[in-house]
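Given next are the chains, with one letter for each unit.
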Amino acid sequence: MYTDILIPTDGSELAEKAVQHGIALAKTISAKTTVLTVLPPFHTFTTDVQMIEDTPAQYKARMQRHAEKILGAGARAAQAAGVACETVQVEHEHPYQAIIDTAESKGCDLIVMASHGCHGASAIVLGSETVKVLTQCKIPVLVHR
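Residues numbered from 1 in each chain as written. Predicted model: local features only at pLDDT ≥ 70, side-chain atom pairs only at ≥ 80, totals over all residues. Heavy atoms only, no water.

Student: Just checking my understanding: could you explain the sheet that holds strand E5 (residues 141-144) for this structure?
Tutor: Backbone-to-backbone hydrogen bonds pair the strands of a sheet. The strands run either parallel or antiparallel. Read from one edge of the open sheet, five strands run E3-E2-E1-E4-E5, paired in parallel fashion. In this open sheet, the two strands that pair with only one neighbour each are strand E3 (85-91) and E5. On average, each strand axis in the sheet is inclined to that of its neighbour by 25°, with strand direction left out of account. One ladder, built from two bridges, connects strand E1 (residues 4-8) with strand E4 (residues 110-114); its direction is parallel. Bridge pairing links Ile5 to Leu110 in E4. Contacts from helix H3 (residues 56-81) reach strand E2 (32-39) and E3, with the element oriented near 165° to E2. (Pairing = 2+ DSSP bridges. Helix = DSSP H or I, 4+ residues; strand = E, 2+ residues; numbered from the N terminus. Axes fitted to C-alpha atoms, helices over the stretch in contact; angles between N-to-C directions. Contact = heavy atoms within 4.5 Å.)

In structure tokens, the structure reads:
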């Protein structure tokens, strides 16, 4: 069936539930996992308050701590379940593309991800990363709600 599962996460509560589900599935089918987080690059001109307040070095350090926290939680959950896990951190303007590229480059044969990260009007206006992965990826995607 599946041998290598990619589990993207942004650290949100919903994404963490998908991480747990992906790890449980991997354990059941004896697959290995890759937990991925995608960080947005620093922009000088932005409406993101955190980027406005940070220097590029401060932003990079803060994002690194955030990624380590997210990936560490995924790695610990996999270890507790006895599932082989690699962690990957990517900086990319478009998270959906980073997810697809990572799945392809790592040879993953399934992506397990949360149904959405945004709610309300922002989800409609910005579009869902999950929908973009579903519509542009050739690898099977299991969407966890």
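Student: I tried to follow the packing of helix H1 (residues 13-29) against H3 on my own but got confused; where do I start?
Tutor: Packed helices, taken two at a time, are described by their axes: the angle between them and the distance between them. Following both chains from N to C, one finds H1 and H3 inclined at 30°, their axes separated by 10 Å at the closest point. The orientation of H1 relative to H3 falls into the category roughly parallel. Helix-helix and strand crossings are classified by hand; for H1 and H3 the assignment is right-handed. Counting all contacts with H1, which are made through Glu16, Val19, Gln20, Ile23 and Lys27, the residues of H3 involved are Ile70, Ala73, Gly74, Ala77, Ala78 and Ala81. The residue makeup of the contact of H1 with H3, split by class, is seven nonpolar, two polar and two charged. (Parallel < 35°, antiparallel > 145°, perpendicular 65-115°, else oblique. Left-handed = near helix turned anticlockwise from the far one by under 90°. Nonpolar A, V, L, I, M, F, W, Y, C, P; charged D, E, K, R; others polar.)

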